[in-house]
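What follows is the residue order along each chain.
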Amino acid sequence: MNDPFYKTQRWKHLRASILRRDGYICQESKRYGKIIQADTVHHVFPREDFPEYQWSPWNLISLCNAEHEA
């Protein structure tokens, strides 16, 4: 991803805290009883549409790459 937002220190710190909060487990897979390591932190409400929520921890979820691409 070439978006400079994802290269900022603020994002890197927030991303790390969300992964820690979620136990480094994909939250979508966990809903179905699967324990898969999370690689990505995803904005539930997209930044492009809801920039006011881009820094809100409640709007972020840890996902594995497969679920993020789905």
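Scroll up to find the structure.
One structure accompanies this document, and this report is about it. This one's a predicted model, so the numbers in the text were calculated from it and none came from an experiment.

Re unusual backbone geometry
Part 1 of the reasoning: Unlike most non-glycine residues, Tyr 24 shows phi in positive territory, near 60°.
Part 2 of the reasoning: Tracing the chain through its elements places Tyr 24 in the loop between helix H1 (9-21) and helix H2 (27-30).

Overview of the pattern of salt bridges
Part 1 of the reasoning: For the structure shown, the criterion picks out three salt bridges.
Part 2 of the reasoning: Of the charged contacts in the structure, one is a salt bridge between Arg 47 and Asp 3, with a shortest N-O distance of 2.6 Å. Of the two residues, Arg 47 is situated in the loop between strand E1 (40-43) and strand E2 (60-63) and Asp 3 in the segment before H1; the sequence distance between them amounts to 44 residues.
Part 3 of the reasoning: Here Arg 31 and Glu 28 are joined by a salt bridge, their closest N and O atoms 3.0 Å apart.

A closer look at the packing of aromatic side chains
Two aromatic rings, taken as a pair, are described by how far apart their centres are and by the angle between their planes.
Part 1 of the reasoning: Tallied over the full model, the rule gives nine aromatic pairs.
Part 2 of the reasoning: Aromatic pair Phe 5 and Tyr 6: ring centres 4.9 Å apart, planes at 85°, arrangement edge-to-face.
Part 3 of the reasoning: Among the residues examined, Phe 5 registers a relative accessible area of 9% and is labelled buried.
Part 4 of the reasoning: Look at Tyr 6 and Trp 11: their rings are 5.3 Å apart centre to centre, the planes differ by 85°, and that puts the pair in the edge-to-face class.
Part 5 of the reasoning: For Trp 11, a relative accessible area of 4% corresponds to the buried category.
Part 6 of the reasoning: Every member of this aromatic cluster is reached through a ring pair, and the members are Phe 5, Tyr 6, Trp 11 and Trp 55.
Part 7 of the reasoning: In this structure, Arg 10 is placed above the aromatic ring of Trp 55, and the distance from its NZ or CZ to the ring centre is 3.9 Å.

Definitions and cut-offs
- Residues numbered from 1 in each chain as written.
- Predicted model: local features only at pLDDT ≥ 70, side-chain atom pairs only at ≥ 80, totals over all residues.
- Heavy atoms only, no water.
- Helix = DSSP H or I, 4+ residues; strand = E, 2+ residues; numbered from the N terminus.
- Salt bridge = Lys/Arg side-chain N within 4 Å of Asp/Glu carboxyl O.
- Phe/Tyr/Trp six-rings, centres within 6.5 Å; stacked < 30°, edge-to-face > 60°.
- Buried < 20%, exposed > 50% of the residue type's maximum accessible area, 1.4 Å probe, protein only.
- Lys NZ or Arg CZ within 6 Å of the ring centre and 35° of its normal.

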